[in-house]
Amino acid sequence: MRAFIPAPPEGLSAFHLGPLTIHMYALCILTGIFFAVWFTTRRWVERGGDPDVVGSVAFWAVPFGIVGGRIYHLITSPDAYFGEGGNPVDALKIWNGGLGIWGAVALGAVGAWIGCRRYNVSFVTFMDAAAPGVLIAQAIGRLGNYFNQELFGGPTEVPWALVVDPRFRPSGFEQFETFHPTFLYELLWNLAGAALIVWLDKRFDLRGGRVFWLYVMVYTAGRLWIEMVRIDDAHTFWGIRVNVFVSIVVLAMAIMIFFWLRARQRSLADVPRGELAASRVADGGDPSADPDGGDPPVTDADSAAEGGVKE
């Protein structure tokens, strides 16, 4: 008998708890956020930071990220909501799926920047601490796609193929029963990527934003090939899904920024600290600015009082 991943049981995508309706997609997103905050707190404390700061910054980053993810989804897939036969009210129903990671990261970073400014901590250092946790959150969030039976790949009969109920099969694929479980591919890729980032960070002492841009590189490299496996409705350009182009552009940008930061930090490391500070004063800059490219480091007293850290 051929092995396969069964479709989720009927009614499991949502269940009732008294007067409340609990959607598994939303529960997966919330679980991912919890693990991201927990893991970021561990890395933040390792850098000498106040653990309470992570939750405070997340208070800003998470809502911004959810809104950004939904906006990106609506921009790139508007027909189901604003096209012929669409229902604009469904644009508010995020529990049915539809959070674009590009918008979530972009606007979530804005929220994190606001939170870091309010609590007087380095935004760059915080993003480096948070990057692997964000990737873990994305992995857990992909389980929600399984319960919603969405965002799967083309038909296949590999042993790990995913059974999809007939009502969820796209037009033109009704005769197929099993499909590529792209949610599982991305889940495993993200978890492996998070482990790789943590190892590389410990091995090479990455800092000054390089951990964050490494995260962008790892995620987009995986999303690039996974996107080409998926068959869900999406806008295309030259016959290629728009998100494939987005992955290529963002991946190239991340690679360039990562190596630019690496070269910049090496060049700054070769300049004596006194000369570096003097040059910044001459240029009208702050002599205490972080040579790794982050925000100005705080003093030890400030660090104790505000939870700030410096690398």
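Treat the numbers as computed from the prediction; the structure is a model and nothing was measured. (Residues numbered from 1 in each chain as written. Predicted model: local features only at pLDDT ≥ 70, side-chain atom pairs only at ≥ 80, totals over all residues. Heavy atoms only, no water.)

**Topic: the overall build of the chain**
Within the chain one finds 11 helices and 6 strands. Looking at the chain residue by residue over its 311 residues, the buried ones come to 45%. Taking the intrachain contacts of the chain between residues at least 6 apart in sequence as the baseline, contacts between residues at least 24 apart amount to 69%. Split by element, the accessible area of the chain, about 16,100 Å² in all, is 67% carbon and sulfur. (Helix = DSSP H or I, 4+ residues; strand = E, 2+ residues; numbered from the N terminus. Buried < 20%, exposed > 50% of the residue type's maximum accessible area, 1.4 Å probe, protein only. Contact = heavy atoms within 4.5 Å. Areas by Shrake-Rupley, 256 points an atom, 1.4 Å probe, with all protein chains shown as cover.)

**With respect to the pattern of salt bridges**
For the coordinates displayed, the defined rule picks out 9 salt bridges. Notably, a salt bridge pairs Asp201 with Arg47, separated by 2.8 Å at the nearest N-O pair. Residue Asp201 is located in helix α7 (residues 182–204), and its partner Arg47 is located in the loop between α1 (24–46) and α2 (51–76); the two are separated by 154 residues in the primary sequence. Asp201 gets classed as buried once you look at its relative accessible area, which sits at 7%. Residue Arg47 is classed as buried on the basis of its relative accessible area of 19%. The residue Glu227 makes a salt bridge to Arg230 at a minimum N-O spacing of 3.8 Å. For Glu227, a relative accessible area of 1% translates into the label buried. Residues participating in the shared-partner salt-bridge network are Arg223, Glu227, Arg230, Asp232 and Arg241. (Salt bridge = Lys/Arg side-chain N within 4 Å of Asp/Glu carboxyl O.)

**Observations regarding the confidence of the model for the chain**
Across the chain, the average pLDDT comes to 84, with 84% of residues at or above 70. Per-element averaging of pLDDT across the chain places helix α11 (residues 300–306) at the bottom with 36 and α7 at the top with 97. Scored below 50 in pLDDT, residues 273–311 shows 74 contacts in the model against residues more than four places distant or in partner chains. (pLDDT = per-residue confidence, 0-100.)

**So, the environment of Ala36**
Mapped onto the elements, Ala36 comes out in helix α1. Accessibility expressed as a relative area gives 12% for Ala36, which makes it buried. Along the chain, Ala36 and Gln138 lie 102 residues apart, while their C-alpha atoms are 9.1 Å from each other.

**Looking at the packing of aromatic side chains**
Inspection of every chain in the model, using the stated rule, returns 19 aromatic pairs. Ring geometry for Phe173 and Phe176: centres 6.2 Å apart, planes at 45 degrees, overall tilted. On the basis of relative accessibility, which here comes to 32%, the residue Phe176 falls in the partly exposed class. Clustering of aromatic rings is evident, with ring pairs tying together Phe34, Phe35, Trp38 and Phe39. Over the face of the ring belonging to Phe204 we find Arg203, whose NZ or CZ atom lies 4.9 Å from the ring centre. (Phe/Tyr/Trp six-rings, centres within 6.5 Å; stacked < 30°, edge-to-face > 60°. Lys NZ or Arg CZ within 6 Å of the ring centre and 35° of its normal.)

**Focus on a nonpolar patch on the surface**
Taken together, the side chains of Phe15, Leu17, Leu20 and Leu27 make up a nonpolar region of the molecular surface, amounting to roughly 360 Å² of accessible area. Overall, the relative accessible area of 51% leaves Leu20 in the exposed class. (Patch = residues over 30% accessible without salt bridge, like charges linked within 9 Å, V, L, I, M, F, W, Y side chains within 5 Å.)

**So, the pairing of strand β2 (residues 20–23)**
Bridge count between strand β1 (residues 14–17) and β2: 4 bridges; the pairing is antiparallel. Residue pairing for β2: Phe15 is matched across the bridge by Ile22. The antiparallel pairing of β1 with β2 creates a hairpin that spans 2 residues between the two strands, and Gly18 there sits at a positive phi of about 65 degrees. (Pairing = 2+ DSSP bridges.)

**Let's talk about the nonpolar core**
Counting 41 residues, the largest nonpolar core has Phe126, Leu214 and Tyr215 as the members making the most contacts within it. Elements with a contribution of two residues or more to this core: α1, α2, α4 (101–118), α5 (123–141), α7, α8 (210–227) and α9 (242–269). Filtering out sequence-adjacent residues up to four positions away, Leu214 remains in contact with Ile197, Leu200, Leu206 and Phe258. Ranked by size, the runner-up nonpolar core spans 11 residues in total, among them Ile5, Met24, Cys28 and Phe183. (Core = buried A, V, L, I, M, F, W, Y, C linked by side-chain atoms within 4.5 Å.)

**Quick notes on the environment of Met24**
Structurally, the position occupied by Met24 is in helix α1. Classification of Met24 as buried rests on a relative accessible area of 13%. C-alpha of Met24 to C-alpha of Asn145: the two residues are 121 residues apart in sequence and 9.2 Å apart in space. In contact with Met24, not counting residues within four places along its chain, are Leu12, Ser13, Phe15 and Phe147.

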